[in-house]
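This is what each chain is made of:
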Amino acid sequence: MSKAVKSGTAKPGSEVVKQEDVIVAILIADSFSIRFAPVTDLKPKALLPLVNRPMIDYALESLLLSGVQKTFVYCVAHADQIRLYLRESKWMRSASPMSIEVISQSSDDCRSLGDSLRDIDGKSLIRGDFILMSADVISNVQLIPILEEHREKRKTDKGIVMTHIFKKSFLGHRSRSAEEELVLAINPTNGRILNYQQSKNLKKLSFPLEMFKEHGLVDLRYDLVDTHISICSPVVLPLFSDNFDYQTWGDFVRGILINEEILNNTIYCHQLEGSYAARVSNISMYDAVSKDIIQRWTFPLVPDLNRSEETPRHTLSRHNVYKQPGVTLGKESVLEVDVVVGENSEIGEQTYVTQSVIGKRCKIGNNVRISNAYIWDDVIIEDECCIEVALIADGVCLKKGVELGHGCVLGPGVKLAPGTKIPANTRLMASPPKSENEFEISDEEEENLPAPVSADSIGYVYHRPIEEDSDVESLVDELWGLEIEDDTESEEDDEDEADNDEDEDHEEDLEVGDLPEDMNARSFYNEVLESLQRGYEEKIKGDNLVLEINSSKYAYNVTMKEVNMLVIKAMLSLPSVMTKKGGSGTNDDWAALRPILQHFLPVLRNYLKNNQSMLDSLEALEEYGVNNPKFAKITCKVLHYLYGEDVLHEEAILEWHANPPNDPSAMTTIRKIVEPFITWLEEAEEESSDESD
Amino acid sequence: MEYQAVIMAAGRGSRMTDLTHDRPKCLLPICNRPMIWFSLKMLENAGFEDVLVIIHEQFKAEIADIPNKYGLKIKLDITCLQKNEDYGTADSLRLIKDKIKTDILVISCDLVCDIPLHKVFDLHRTHQSSVTALFSQTSPEVMLAPAPGPKTKIKQERDLVGLDLQTPRLVFLVSEADLTSENEEELSIRKSVMKHFPQISVQGNLLDAHLYVIKKWVCDYISENRSFTMLKGEVLPHIVRKQFTKSPKRNIDKDLPNADVSVISLNTAKRDIFSFLVGDEEEERIRSYSAWNDHRGDLRGPYQDHAIRCFAYVAKEGFCLRANTLNNYCELNRQVIKRWSTMFPDEEITPPVSKAQVGVDCLIGENTQLSDKCSIKHSIIGQNCNIGDKVRITNCIIMDNVTVMKETTLQGSILMKNSVVENSCDIKDCIVGHTVHSNCKSTNEVLVDADRLLEI
């Protein structure tokens, strides 16, 4: 055995060299995400049609056009379907200039890009540099020159492990995926990546000073988009194997950059000039890439140059309207612009279609309006339906007069009864959601058992399993089809910073005494004060004020404790703020404060729900009293009033009183003032407990 | 008159250690000419006919005499600070605010550069820039040149300059020292800034020439805001940051109907930067008609719709160095003499008439006696000096009225005015300020009067 191996490696040395010369690509035919659910429940993402062609075709086509000679297709979910598809396709024929090998792995063993590369490393299939690409990437990039560039760089930098390909695309460009926002620091002289950050949820980006010191010249780029194509040195695979925590490409890059000094590994970036590359990472990107294909940015990967023999070519007419043979178009129907219609589809009369893709064998009735929709094969849409911004999977049937809201996704086999209206951003699937999964359904959920969206329909609302980043995803979904650039937020925080700036220099605010030091809390406080003042003057309902305060809370990211304390303080300071003078120290203060507190009782009740929040509010009361000695005199009255209104509970007050104050001076002032009230409380409690005994 | 020029010459030169003990920095000689001569010459070459100069009072006569002495036509309008007043550059600007009528060019007296100023002005003019700064690329060797005196760790003040790659906009400006002192060790940039400028080039090896072209309204803003003391340290970063603040212009329009009510509050309230901003309506209108834009990639108007904008002119070639540290001062002397004929073709230097061995890149002042057997290399010798027999001088700066007696070796040192080095000394990398007695051997020392040392 060992002999055989020895001879195998020693003798045909030429063969080894030869194998290294073969240009190899690894195509990962799984995105390890559920962005396309429920559509991908039954079909792998790689086989989803993108402008009437399975996605994987585009990836293989672009590898072939680049001159790749051998491709390993690595499949995880629904591997059998991909294998079957490829076996039947032109790719596996002996005449194909590119040989394909399918590797499959069960989804239990492989849950990420890292896992799959570790698996490939274990199989030791790769010896030389290779191209790593995801099967949902559409590109017309010539990869060989970049591979050559990678090899050239290795002559000067032995540690090069990867050249990753980026495309320049400015903010607001449709091919920028909202989910994958990144900031790169690049050395402009050689293209080395010095820092990589996903900036999606960041407001501030931080870069180590060391990097600037070391390199002198650093470009910070926010306009680059990850194409998910990389040229890798063979060492990439063992690096993944050595580091089990590398799950994604991002992990890998960060790991390499952190360990840069130890391992001396470097990653370079290649910026595309004039070629196209994008990844269909979510439905918004599906939309963007489809449009790019229709508008021919991806040339030669366009519908009318479709090389596959199974599907007849599309013919292209004006305004980017593509039709396959057998399409019938009814009287007065219009295919306006950027429309693709598949084989043997029928479109009825007076139907209007724009910027949409319609699959094969679809039947579309009369008076239907379709815009920005992706309709797959065998879909039936009856008369007077209205579809705007939607993805409709195979075999869906929409009866007469169905209306879909913006951004709906209908899974395969969904049937909607006549006149059904689906709200925006709904995802429907044909079978009710499985209840026998490992998460036991809680009592509350059992009440609303899954029901079809309307009578006589087959369509159940799909709920995405809650993930850590679920809010991020939902945001992306909502944005789909709506061309709104969410820029307001950034402008606002510009203002904030500028204002703070001002404050630092010349703050001469109204004397409130105990403004929180933290900038955020301070801004929050000001905002709350403003809301309350307006709320009181305009007699706004408590609930609305709560909403307003809560939104400020999120805007300034303050803790619940701070909210409780600051709301109380704001209320207490309201009389002096409104009259622009400090308290007089007399009972007049209480007369001024009482109606205010009364008005805000609902707000207080909302915030002071449990013991802890009450303690917070008492602490705030105390702090406010210490800082405003004039107010201190009426503390007792406030306390009594709030107790009387059941805002503050007896237990909380007693607990607060039992604990020593934060500020020792409070002992002599506030505590003394409230002493009578506390004694009264204690007596009352004794009495009540006596009674119960 | 489109621009007024201001020279800030009241700096103490605290980093020049003993050289500036009794002389202001602006009068220290570079190639036997007072430092401020270089600024004046540069302005004169750029076409300025007069210049505002801010100096300390006690040197007024001496400085006022400089144009006369060296044949400059430029007229000085001198503003004096009292002897012990220490004014920052922004304070100084506030002092002369009544004299400022137009946009100004502010330079520091320690700048020597041959970069054509009209290019900076062009940039300023083209983009209606609020503040335009000049940066030059420095070679690291220059920055690390050895200096005489005690060996200290050379701490260069480096700035991180963020420039937009599409336009020469100045996106941020932070000094490395600031970041390090705050113990952050990192640079943070708001994402909204990156949204406006998705391609930022961060340059760590640029030299800020402390040459700024400043709009009139910014000057007004500075004079109103007493909290500013320094241009470079405070005003510039502030203005650069303010670029991203949204102008509250629209609100003002809205408020107009109630103008009579708000007059009082306007007067009492602190005026914010935008109330100073004087826009050119004509230009705004032209821009609104024009399809021109300064950047690509988004739908924002020219200059990202920023009313305040700062630009940086980065000189790729040309010479530019500031004599703000001892190292740079020495280096400047060496570099300027090398480039003299190209930088100042109209200012001829008379070659020394002497039998002594004088190498290249040397400058010998008038009335200086060189004995026949001395050798001088890469050095500058002032006026009325006396250099004895068999003296070897390499890489030195010798100021006026210095006597060096025979058989002495001087290397990499600075000899201050009126100092004397007696026989057979061997002095290397020192600063000499008094009499050094015979047979003295010193390296990396400061040889000045003892009483002065006490003072320090």
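Residues numbered from 1 in each chain as written. Chains lettered and ligands numbered in written order. Predicted model: local features only at pLDDT ≥ 70, side-chain atom pairs only at ≥ 80, totals over all residues. Heavy atoms only, no water.

## Let's talk about the overall build of chain A
Part 1: From N to C terminus, chain A includes 25 helices and 32 strands.
Part 2: The 693 residues of chain A split such that 52% are buried.
Part 3: Residue pairs at least 24 apart in sequence account for 60% of intrachain contacts in chain A once pairs closer than 6 positions are excluded.
Part 4: Split by element, the accessible area of chain A, about 32400 Å² in all, is 50% carbon and sulfur. (Helix = DSSP H or I, 4+ residues; strand = E, 2+ residues; numbered from the N terminus. Buried < 20%, exposed > 50% of the residue type's maximum accessible area, 1.4 Å probe, protein only. Contact = heavy atoms within 4.5 Å. Areas by Shrake-Rupley, 256 points an atom, 1.4 Å probe, with all protein chains shown as cover.)

## Here we look at the sheet that holds strand β23 (residues 397-398) of chain B
Residues and elements named next belong to chain B.
Part 1: Pairing in this open sheet of six strands is parallel, and the strands run β17-β20-β23-β26-β29-β32 from one edge to the other. One side of each edge strand has no neighbouring strand; the edge strands of this open sheet are β17 (363-364) and β32 (446-447).
Part 2: Two strands pair when backbone bridges link them, and strand β26 (residues 414-415) and strand β29 (residues 431-432) are joined in this way by two bridges, in the parallel orientation. Looking across to β29, one finds that I414 is bridged to I431. (Pairing = 2+ DSSP bridges.)

## Examining unusual backbone geometry
Part 1: Looking along the chain, the bond that leaves A37 of chain A and enters P38 of chain A is cis, with omega of 0°.
Part 2: A cis amide bond links F299 of chain A to the next residue, P300 of chain A, at an omega of 5°.
Part 3: Its location among the elements puts P300 of chain A in the loop between α11 (283-294) and β14 (315-317).
Part 4: Positive phi, normally seen in glycine, also occurs at N425 of chain A, with a value near 55°.
Part 5: In this fold, N425 of chain A is placed in the loop between β30 (421-422) and β31 (427-429).
Part 6: Under the relative-accessibility criterion, N425 of chain A is labelled partly exposed at 30%.
Part 7: The backbone of H210 of chain B shows a phi angle near 55°, a positive value even though the residue is not glycine.
Part 8: Take H210 of chain B: it is sitting in strand β13 (residues 206-214).

## Observations regarding the environment of V461 of chain A
All names here are of chain A.
Part 1: On the secondary structure map, V461 appears in strand β32 (residues 460-461).
Part 2: With 101 residues separating them along the chain, V461 and E562 place their C-alpha atoms 39 Å apart.
Part 3: Those residues in contact with V461 that sit more than four places away from it in its chain are T426, R427, L428, P433 and V453.

## Points about the domain arrangement of chain A
Part 1: Its domain assignment divides chain A into domain 1 (20-279), domain 2 (314-461) and domain 3 (504-692).
Part 2: For domain 1 of chain A versus domain 3 of chain A, the distance between C-alpha centres works out to 56 Å. (Domains from an automatic or database assignment.)

## Here's the deal with the environment of I283 of chain A
Residue and element names in this part refer to chain A.
Part 1: Structurally, the position occupied by I283 is in helix α11.
Part 2: The exposure class assigned to I283 is buried, which follows from its relative accessible area of 3%.
Part 3: The spatial distance from the C-alpha of I283 to the C-alpha of A390 is 9.7 Å, given a sequence separation of 107 residues.

## Considering the domain arrangement of chain B
Residue and element names in this part refer to chain B.
Part 1: Each domain of chain B was delimited in the assignment, giving domain 1 (3-178 + 199-245 + 308-332) and domain 2 (353-452).
Part 2: Between domain 1 and domain 2, the contact holds 17 residues from the first and 21 residues from the second.
Part 3: Roughly 1500 Å² is buried in total at the junction of domain 1 and domain 2, and carbon and sulfur atoms are behind 69% of that figure.
Part 4: Where domain 1 packs against domain 2, one counts zero salt bridges. (Buried area = accessible area lost by both parts, 1.4 Å probe. Salt bridge = Lys/Arg side-chain N within 4 Å of Asp/Glu carboxyl O.)

## Quick look at the packing of helix α9 (residues 216-224) of chain B against helix α10 (residues 231-242) of chain B
The description of two packed helices rests on the angle between their axes and on the distance between the axes.
Residue and element names in this part refer to chain B.
Part 1: One can describe the packing of α9 onto α10 by two numbers: an axis separation of 12 Å at closest approach and a directional angle of 120°. The orientation of α9 with respect to α10, classified from their angle, is oblique. In terms of crossing hand, the pair formed by α9 and α10 is right-handed. Within the contact between the two elements, α9 uses V218, Y221 and I222 and α10 uses L231, V235, H238 and I239. (Axes fitted to C-alpha atoms, helices over the stretch in contact; angles between N-to-C directions. Parallel < 35°, antiparallel > 145°, perpendicular 65-115°, else oblique. Left-handed = near helix turned anticlockwise from the far one by under 90°.)

## What about the interface of chain B and chain A?
Part 1: Residue-level contacts link 39 residues of chain B with 38 residues of chain A.
Part 2: When chain B packs against chain A, close to 3500 Å² is buried across both sides, 52% of that on carbon and sulfur atoms.
Part 3: Counting every contact that joins chain B to chain A gives one salt bridge.
Part 4: The salt bridge involving E181 of chain A is made with K191 of chain B; its shortest N-O contact spans 3.0 Å.
Part 5: At the junction of chain B with chain A, the criterion picks out 13 residue pairs in polar contact (both at pLDDT 80 or more).
Part 6: Sorting the residues of the side of chain B that touches chain A by element identifies α7 (176-181), β11 (186-190), α8 (191-196), β12 (199-203) and α10 of chain B as the ones contributing at least two each.
Part 7: Bridge count between strand β10 (residues 217-221) of chain A and β12 of chain B: five bridges; the pairing is antiparallel. Bridge pairing in β12 of chain B places V218 of chain A opposite V202 of chain B. (Polar contact = N/O pair within 3.5 Å; in protein donor to acceptor, adjacent residues only side chain to side chain.)

## What about the packing of aromatic side chains?
In this description, a pair of aromatic rings is defined by centroid distance and the angle of the planes.
Part 1: Applying the stated rule across the entire model yields 25 aromatic pairs over all chains.
Part 2: When the centroid spacing of 6.0 Å and the interplanar angle of 75° are considered together, the rings of F36 of chain A and Y286 of chain A count as edge-to-face. Of this pair, F36 of chain A sits in the loop between β1 (24-28) and α3 (55-66) while Y286 of chain A sits in helix α11, and the two are 250 residues apart along the sequence. Just as F36 of chain A is buried, Y286 of chain A falls in that class too.
Part 3: Pairing Y221 of chain B with F276 of chain B gives two aromatic rings, centres 5.2 Å apart and planes at 70°, and the pair type is edge-to-face. Of this pair, Y221 of chain B sits in helix α9 while F276 of chain B sits in helix α13 (residues 273-276), placing them 55 residues apart in sequence.
Part 4: The class of Y221 of chain B is buried, set by a relative accessible area of 2%.
Part 5: Of the residues examined, F276 of chain B reaches a relative accessible area of 7% and is grouped as buried.
Part 6: These aromatic residues form a ring-pair network of at least three members: W37, F38, Y70, W340 and F344 of chain B. (Phe/Tyr/Trp six-rings, centres within 6.5 Å; stacked < 30°, edge-to-face > 60°.)

## So, the pattern of salt bridges
Part 1: Going through the model one piece at a time under the given rule, you end up with 41 salt bridges over all chains.
Part 2: One salt bridge connects R53 of chain A with D57 of chain A, and the closest N-O pair in it is separated by 3.6 Å. You'll find R53 of chain A and D57 of chain A in the same group, each marked buried.
Part 3: In this structure, D110 of chain B engages R322 of chain B in a salt bridge whose closest nitrogen and oxygen atoms are separated by 3.1 Å. Within this pair, whereas D110 of chain B is found in the loop between β6 (103-108) and β7 (111-113), its partner R322 of chain B is found in strand β15 (residues 320-322), the two being separated by 212 residues in sequence. Residues D110 of chain B and R322 of chain B agree in their burial class; the two are buried.

## Some words on helix α4 (residues 79-88) of chain A
An α-helical segment advances 3.6 residues per turn. Residues three or four places apart therefore align on the same side.
All names here are of chain A.
Part 1: What α4 keeps buried is the set A79, I82 and L86. Axial view of α4: buried residues confined to an arc of 65°, hence all on one face. In α4, those exposed residues whose orientation departs by more than 90 degrees from the buried face are D80, R87 and E88.
Part 2: Buried residues along α4 sit in contact with α3, β2 (70-75) and β3 (99-104). (Arc of directions from axis to C-beta.)

## Quick look at the side chain of S345 of chain A
Residue and element names in this part refer to chain A.
Part 1: Along the polypeptide, S345 turns up in the loop between β18 (339-341) and β19 (346-347).
Part 2: Only 3.4 Å separates the side chain of S345 from the backbone oxygen of G342, close enough to count as a polar contact.
Part 3: For S345, the residues in contact, after removing those within four places along its chain, are G326, V327, T328, I358, G359, K360, R361 and C362.

## Thoughts on the packing of helix α20 (residues 611-627) of chain A against helix α23 (residues 650-658) of chain A
All names here are of chain A.
Part 1: The geometry of α20 relative to α23 is characterised by a closest axis approach of 9 Å and an angle of 55° between their N-to-C directions. Taken together, the axes of α20 and α23 lie oblique to each other. Our pair here, α20 against α23, has a crossing hand that is right-handed. Along the contact surface, α20 presents N611, M614, L615, L618, E619 and E622, while α23 presents E651, A652, I653, E655 and W656.
Part 2: Considered class by class, the residues forming the contact of α20 with α23 number six nonpolar, one polar and four charged. (Nonpolar A, V, L, I, M, F, W, Y, C, P; charged D, E, K, R; others polar.)

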